[in-house]
Amino acid sequence: MNSNNTHITDVLIIGAGLAGERVAIEVANHGLKSIILSLIPPRRSHSTAAQGGMQAALGNCAMGQGDSPDIHFQDTVKGSDWGCDQEVARLFCDTAPSAVRQMSHWGVPWNRVVAGKKRLSTGQVVNDDPEYDGLISARDFGGTAKWRTCFTADGTGHTLQYTMDSLVIKLGITMHDRMEAVRLIHDGDHCMGAIVRCLRTGELHTYLAKSTVLATGGYGRLYGASTNAIINEGSGMSLALETGIVPLGNMEAVQFHPTGMVPVWILITEGARGDGGYLLDKNRHRFMPDYEPGKKELASRDVVARRMMQHIRQGYGVDSAYGQHLWLDIRHLGEKHINTNLREIANICRSFAGIDPAKDLIPVRPTQHYSMGGVRTNIDGAAYGLKGLFACGEAACWDLHGFNRLGGNSLAETIVAGLIIGKKIAEYTSGAAQKYTYQIIKDHHANIDQKIKDLISGKDGQENVYALRDQMEQNLMEYVGIFRTAAELQKAVDNLKDIYYRSLKIGLRSDGSGANPELSFALRFPGMVRLALCIAYGALERTESRGSHYREDYPRRDDQNWLNRTLAYWPAGADLPELKYEPVKITEIQPDDRGYGEASVRS
Amino acid sequence: MSNRTLTFNIFRFDPYRPEVAPYMQSFSVEELDGMTVFVALNKIRETEDTAIKFDFVCRASICGSCAMLINGRPQLACKTLTRNLPKKITLMPLPVFKLIGDLSVDTGAWFRHLSLKTKSWIHTDKAFDPQVLEERMDNQTALDIYEAERCIECGCCIASCATANIMEDFWGAAGINRVARFMIDPRDGRSGKEYFEVIGSEQGAFGCMGLMACDDLCPMELPLQMQLAFVRRKMLGLGFKV
Ligand SMILES: Cc1cc2nc3c(=O)[nH]c(=O)nc-3n(C[C@H](O)[C@H](O)[C@H](O)COP(=O)(O)OP(=O)(O)OC[C@H]3O[C@@H](n4cnc5c(N)ncnc54)[C@H](O)[C@@H]3O)c2cc1C
Ligand code: SF4
Ligand code: SF4
Ligand code: FES
């Protein structure tokens with residue numbers, strides 16, 4: 001251990017996406033010092049990739065008239081299939097409007113209401129009232145009763161992140177990028193900071209703080225096909241789980257998007273189907289009307305995704321070097337429409353698959369998109385189990401989303417939760433003391449140091465981390481995807497257990513010196529398999545269908561037995577998580593029909 | 001589609017191990033349909049040399065991480081299809097920026113420094129009041145701000161800029177565009193004089209030779225030439241000579 005590599009601060013924030021930076025601003029406004037860590041320069045965080053927008057019930061645009069936090073709340077609870085914490089959802093919906101306005105004050109160029117009549121793509125004519133001219137506008141998003149999704153053209157996440165980061169720079173908040181937290185320092189009672197590996201030099205650093213915040217984003221990249229950035233490997237959740245004391249909530253709740261484009265899984269937005277695109281199989285047959293004669297391609301996200309997988313499983317998928325897929329056909333919409341109204345999609349097709357959607361079919365398949373689960377916290381963002389540890393954003397299970405997140409609610413969550421939880425962290429930290437002992441730091445440091453040495457020497461074995469990753473991805477894609485059955489989930493659990501044991505025997509191909517990328521991945525990987533096991537085992541045990549968790553053998557929601565939240569713990573030396581359950585807080589609306597689902601199964 | 005065998009010649013150097021001189025290493029890759037340089041590089045790392053360094057985050061031309069010289073031209077590796085390249089492909093790290101290793105450069109630190117130097121945040125004396133409606137803005141103004149804010153800090157314009165290659169601290173087109181973004185924002189209260197202090201130096205608008213190498217290399221197709229002209233005009237209009 002090198003004392004030059006020790007950093008002491010009030011609040012250690014792991015993650016520089018929207019959630020982490022919003023927390024940092026809040027604690028700075030309370031006069032506290034903080035250090036933000038990030039794998040990459042902050043403005044490259046995955047938050048910048050969100051293009052659609054964020055929800056807040058401003059009710060300024062014509063199609064948003066009459067909106068209120070109450071309606072936003074109802075949409076959120078319904079969307080979650082009654083799995084969310086209603087107290088959290090209420091706080092969130094009430095705070096979202098002022099959080100959006102604050103982002104405007106700080107510099108986000110939100111699109112604004114333009115007064116006057118206009119014709120929507122549906123043919124409907126609306127009239128924006130001059131009274132609202134120049135206020136923040138909103139667009140339509142799936143699952144919302146009103147137009148509520150505030151946006152900046154096609155770059156909402158980008159402008160939010162750039163604005164947030166401009167404030168971080170202005171306030172002089174310390175940012176250490178290309179730094180990866182690899183272990184939390186704790187004594188079983190308090191969290192004291194983290195052991196961090198520098199991704200420039202490979203050196204280990206020690207960060208000590210009165211409070212530590214996990215704002216590390218989602219775990220999409222556990223799946224072989226994910227719309228997420230390639231750094232979204234759930235590392236914050238792994239760090240928490242590894243303590244053995246902090247549980248993860250609802251890890252089996254994984255959202256899929258119907259149309260990720262093969263081979264790099266970039267998201268093709270709903271717009272393509274909204275404007276009349278078809279889904280075709282290997283025989284060029286349009287199959288959605290067979291399953292969903294009413295809504296066809298326009299059924300809800302989870303339904304379309306499930307039907308697509310069902311069709312692939314019946315042998316109608318198209319073979320490719322990147323696995324089976326289906327086709328999205330928008331050719332009949334015409335060159336003009338495609339190159340104007342669907343320009344963004346056309347650009348993605350040209351740049352990343354080399355195809356012209358006016359002439360060619362687009363290869364697509366359902367793709368992992370959002371992780372509802374994460375580090376379980378209370379309404380103040382405090383993680384269960386360890387004092388001084390907090391979590392926020394996609395890494396957390398604050399539990400706004402329950403078993404299904406509404407599009408546009410996750411960006412909003414990052415800034416609303418960042419604000420609310422940031423305040424709570426400031427309160428906690430102001431009354432807390434630095435609480436570490438030299439011995440504890442040394443033990444945690446030695447643990448990582450030894451792991452690195454063993455990976456380099458190959459002392460534990462010669463397993464290839466990339467080959468193991470392929471197997472993990474495959475098991476999750478095949479058996480813990482959209483359709484779930486006891487037999488397949490059991491298979492996944494068995495296989496993942498085997499992969500887990502093998503992940504403890506990884507040996508490097510390279511010499512592992514400096515900021516070696518293979519070493520970085522090998523250090524992270526066993527934690528990723530633990531997360532995969534939490535997902536698979538949680539899904540196996542939950543014998544009902546709720547939101548995105550769909551069990552073919554238990555197709556109905558079962559409020560009698562399963563109106564609860566899964567908590568996954570990882571006891572030391574275990575090869576499976578220990579699952580506990582806690583009740584879901586219902587304060588305002590009792591469980592009811594969600595109002596959307598398959599044509600055939602509706603409870 | 002033609003199944004070519006591609007040869008990648010890749011720059012290798014670890015500045016933390018200066019005893020090993022920089023060298024070029026070549027790898028063969030079987031081309032697949034729809035293959036990008038992102039796909040090919042990961043394949044090389046996973047099957048040939050697990051130590052090779054490069055940066056990708058979004059793999060969708062959104063985050064700006066992956067710019068490199070591909071056959072001499074600065075561009076985003078995630079957005080470059082191999083089928084638009086010849087069989088032999090040379091990859092070099094971007095010049096100007098600090099080398100982290102192999103193809104990885106520190107564009108992040110460079111742009112952070114730029115934001116600090118150009119004070120890239122809204123300057124206002126107004127405090128935020130959560131009880132009050134947002135200030136109104138004309139939608140076109142919002143779109144114009146967004147147009148300049150679309151820069152993803154990839155560094156392609158900087159790497160291709162003759163001035164930036166010889167003058168340390170020159171902000172390049174990305175920097176001038178950044179200043180333009182705040183100049184057109186009605187929420188920013190800086191005066192023309194304050195802006196001139198920021199931009200009216202060798203590092204800012206004076207250093208630019210106007211050769212426009214930057215303009216057609218921007219992967220976001222930002223109108224850099226227009227922004228350079230806008231900032232100049234604005235300064236002239238205020239009586240400052242640029
Ligand atoms: C393609 C796509 C489109 C989307 N569109 C929308 C949309 O339109 N609307 C919406 O509401 N939501 C959308 N989402 C979801 C939304 O973007 C994310 O949920 C949200 O941005 C997550 O923000 P975050 O701050 O929690 O995490 P991120 O932005 O993912 O940030 C995580 C940060 O943690 C850091 N980090 C991670 N691990 C470590 C470690 N071990 N040590 C140090 N640092 C670490 C990373 O460097 C990064 O800075 C979309 C998601 C995808 C994939
Ligand atoms: S026009 Fe100016 S900024 Fe652009 S490349 Fe030339 S000198 Fe650089
Ligand atoms: S202006 Fe364009 S080329 Fe330059 S850094 Fe920004 S996005 Fe990249
Ligand atoms: S990886 Fe994000 S721009 Fe290429």
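Report on the accompanying structure. (Residues numbered from 1 in each chain as written. Chains lettered and ligands numbered in written order. Predicted model: local features only at pLDDT ≥ 70, side-chain atom pairs only at ≥ 80, totals over all residues. Heavy atoms only, no water.)

Now for the pairing of strand β1 (residues 6-14) of chain A. All names here are of chain A. Across the 9 residues that make up β1, a large majority, 7, are buried. Where β1 meets strand β10 (residues 204-214), 8 bridges bridge the pair, whose relative direction is parallel. For Val11, the partnering residue across the bridge sits in β10 and is Ser211. As for the winding sense of the linkage, the β-α-β connection from β1 through helix α1 (residues 18-29) to strand β2 (residues 34-38) is right-handed. (Buried < 20%, exposed > 50% of the residue type's maximum accessible area, 1.4 Å probe, protein only. Helix = DSSP H or I, 4+ residues; strand = E, 2+ residues; numbered from the N terminus. Pairing = 2+ DSSP bridges. Right-handed = clockwise from strand over helix to strand, strands pointing away.)

Residues and elements named next belong to chain A. Around ligand 1, a shell composed of 38 residues is seen, among which Ser45, Ser47, Glu394, Ser410 and Leu411 lie nearest. One of the backbone N or O atoms of Ala16 is found 3.0 Å from an oxygen atom in ligand 1. In the model, an oxygen atom of ligand 1 is placed 2.7 Å from a nitrogen or oxygen of the Ser45 side chain. Within the residue set of the shell around ligand 1, elements represented by two or more residues are α1, β2, β8 (179-186), β16 (362-371) and α11 (409-430). Here the shell around ligand 1 takes 4 residues from α11, the largest share from any one element. Partitioning the shell around ligand 1 into residue classes produces 15 nonpolar, 20 polar and 3 charged. (Near = heavy atom within 4 Å. Polar contact = N/O pair within 3.5 Å; in protein donor to acceptor, adjacent residues only side chain to side chain. Nonpolar A, V, L, I, M, F, W, Y, C, P; charged D, E, K, R; others polar.)

Residues and elements named next belong to chain A. If you check helix α15 (residues 517-541), its first and last C-alpha atoms are 36 Å apart, about what 25 residues at 1.5 Å a residue would give, namely 36 Å. Taking the largest bend as the criterion, α15 deviates by roughly 35 degrees, centred on Phe525, and proline Pro526 comes between one and four positions later. Of all 25 residues that make up α15, 24 are buried, and the element is covered over most of its length. Where α15 begins, the side chain of Asn516 points an oxygen toward the backbone nitrogen of Glu518, at a separation of 2.8 Å. (Expected span 1.5 Å × (residues − 1). Bend = angle between axes of the 7 residues up to and from the residue.)

Here we come to the environment of Ala299 of chain A. All names here are of chain A. As for its position among the elements, Ala299 is in the loop between α7 (288-291) and α8 (301-316). Separated by 207 residues in the primary sequence, Ala299 and Phe92 have C-alpha atoms spaced 28 Å apart. Residues contacting Ala299, with those up to four places away along its chain left out, are Arg273, Glu292 and Val304. (Contact = heavy atoms within 4.5 Å.)

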